[in-house]
Each structure stands twice: as C-alpha cells, then as structure tokens.
Amino acid sequence: MKFFKMEKWGKISFSIAVICSIFSIIIVAYVVKISKESWNYRINETECDKKEGTIQEVQSGKKIQNGKVLKFIKIQNGDNICILRKDGEWDEYPSISQKALKSIRKGEKIRYLKDQKNEINNYNLAYELQINEKIYIPIKQMKKIERRNYIKDVGLIIFVTVLSVSMIGLTIYFYWIAETEDTYIR
C-alpha cells in the first residue's frame, strides 16, 4: 500500500485531507438537514383564507421544533389560529413586539389570513393580523423574508458542497502525488 511507503509529509498531508473530506461531508449533511427543517411551514397565499371574528381566548405560546409559537388564539367563529416565529433563519420573522402581542386580548375584533395547510396542534398559522386598525405580520413581507432565507440556504448548501468536493479532490490529489518516486522512502 502506497500510504505506508510515503514519507512523513506525504502521510500527514494525505491524513489531513482525508479527515477534512470526512468533516466536509458531515457538514454538508448537517446543513441540508437544518435547511430542510427551516423549509417547513412555507407560506402559500393560495392556501390562505381571509377571515374575521372576535377573539374568544388567548393562550401563551410554546417552543416547538422550528421556532416558537408566540400566541395560540381561539376565535368565536370556531377558528383556532397561532402566530409562529421561525428560528434558525437568517432573518427571523415575524418581527412583532411584546407590546403588540399584549394588544391581542379576549373580546377584540380581528381580521386575519388563515393558512389552511400549515397547522400546529390543531391551530392554523395566521398572517396579516389586523387588530384595532393596525396590521401585524404582513404576508408580502413574510414571503419576501422567506424567499431571501431560502436563497441563502441554497447558497450555503452549494458553497459547502463545492468545499466538500474540493476536499475530496485534494485527498485524491495527495494520494496520486504519492505515486511519484520522490515521495517514497528509499
């Protein structure tokens, strides 16, 4: 085997290249896994219905796999909606203040876009909440941020994949270079 006949610098170079290749493959798999998780709960305007009603009950949110549910809201018309803040994104969204969250109270009139496809614990995601003539979580802004995050995720995956392929190429190059006479111990 060529490896055992190589000089010390050749063994070290080849070993480092193999280790870097293995780590780069692991990093690619990890980045793809994280990116796929962040692509859950994608916004699709065709799946959203514009509704309105009076707030019946407001519950505090909880941490979930993809982020944090800020509020669970029951509406008197029978709808259950929630506000989700995604974590692990380049740009976190929605950006809604604690003061705005406190304005969501029982008995308030609310207009919203109910996402029919995406739900958490039987609560559908909601966008464009309009309470007291103020609009929170505009869907256009949400889609823009989501698209930007998606492009950044794909760019990172491409970058890390190119890095991984170059590490594998470097490993092959160091092994190929070991075939030359000057790398063998005499």
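Here the structure is shown first, and the text comes after it.
Residues numbered from 1 in each chain as written. Predicted model: local features only at pLDDT ≥ 70, side-chain atom pairs only at ≥ 80, totals over all residues. Heavy atoms only, no water.

1. Let's talk about the overall build of the protein
Put simply, the rule reads: The numbering of helices and of strands both runs from the N terminus, where a helix is a DSSP run of H or I of at least 4 residues and a strand a run of E of at least 2. Burial classification: accessible surface area is computed with a 1.4 Å probe over protein chains only, and a residue below 20% of its type maximum counts as buried, one above 50% as exposed, and the rest as partly exposed. Only heavy atoms matter for contacts: two residues are in contact if any of them lie within 4.5 Å across the pair. Only the protein chains shown count as cover for residues, and all accessible areas are computed by the Shrake-Rupley method using a 1.4 Å probe.
Of the regular secondary structure elements, the protein holds four helices and seven strands. Starting at the N terminus and walking to the C terminus, you meet the elements of the protein as α-α-β-β-β-β-α-β-β-β-α. Looking at the 186 residues of the protein, the share that counts as buried comes to 39%. By sequence separation, contacts in the protein at least 24 residues apart represent 62% of the contacts at least 6 residues apart. Summing over all exposed atoms, the protein offers an accessible surface of approximately 11,400 Å²; the carbon and sulfur share of this is 59%.

2. Some words on unusual backbone geometry
Of note in this structure, Glu 128 is not a glycine but carries a positive phi near 50 degrees. In this fold, Glu 128 is placed in strand 6 (residues 123–131). For Glu 128, a relative accessible area of 22% gives the class partly exposed.

3. Quick notes on the side chain of Ser 21
Assignment of secondary structure puts Ser 21 in helix 2 (residues 8–38). Setting aside anything within four residues of it in sequence, one finds Ser 21 in contact with Met 167, Ile 168 and Thr 171.

4. Some thoughts on the nonpolar core
This is how it is decided: Nonpolar cores were defined as sets of buried Ala, Val, Leu, Ile, Met, Phe, Trp, Tyr and Cys residues, with membership established by side-chain atoms within 4.5 Å.
Counting 31 residues, the largest nonpolar core has Ile 81, Ile 83, Ile 104, Ile 110, Tyr 127 and Leu 129 as the members making the most contacts within it. Broken down by element, the residue count for this core peaks at six residues, all from strand 6. Beyond its immediate sequence surroundings of up to four residues, Leu 129 is in contact with Ile 81, Ile 83, Ile 104, Ile 110, Arg 111, Tyr 112, Lys 134, Ile 135, Tyr 136 and Ile 137.

5. Notes on a nonpolar patch on the surface
As a reminder, the rule being used: Surface patches are defined over residues having more than 30% relative accessible area and no salt bridge, joining like charges when they lie within 9 Å and nonpolar side chains (Val, Leu, Ile, Met, Phe, Trp, Tyr) when within 5 Å. A pairing counts as a salt bridge when a side-chain nitrogen of Lys or Arg comes within 4 Å of a carboxyl oxygen of Asp or Glu.
Taken together, the side chains of Ile 19, Ile 22, Phe 23, Ile 26 and Ile 27 present a nonpolar region at the surface, about 490 Å² in accessible area. Tracing the backbone shows Ile 26 in helix 2. Look at Ile 26 and you get partly exposed, because its relative accessible area is 49%.

6. Some words on the pattern of salt bridges
One pass over the structure, following the stated rule, counts four salt bridges. The salt bridge involving Lys 114 is made with Asp 79; its shortest N-O contact spans 2.9 Å. Here the residue Lys 114 occupies a position in strand 5 (residues 109–120), and Asp 79 occupies one in the loop between strand 3 (67–75) and strand 4 (80–86), the gap between them amounting to 35 residues. The pair Lys 114 / Asp 79 is uniform in exposure class, with both members buried. Measuring nitrogen to oxygen at the nearest pair gives 3.1 Å for the salt bridge that ties Glu 108 to Arg 105.

7. Looking at the pairing of strand 3
Here is the rule: Strands are treated as partners if at least two bridges between them are detected by DSSP.
Among the nine residues that make up strand 3, seven are buried, leaving the element largely enclosed by the rest of the structure. Of the strand pairs in this sheet, strand 1 (residues 48–60) and strand 3 are connected by five bridges, and their pairing is antiparallel. Residue pairing across strands places Gln 59 opposite Phe 72, the latter belonging to strand 3. Pairing of strand 2 (residues 63–64) with strand 3 involves two bridges; the strand directions are antiparallel. Along strand 3, the bridge assignment pairs Lys 63 with Lys 68. Across seven bridges, the pairing between strand 3 and strand 4 is antiparallel. When the bridges of strand 4 are listed, Lys 68 appears paired with Arg 85. Turn length for the strand 3-strand 4 hairpin, with the two strands adjacent in sequence and antiparallel, is four residues, and the turn residue Gly 78 shows positive phi of about 100 degrees.

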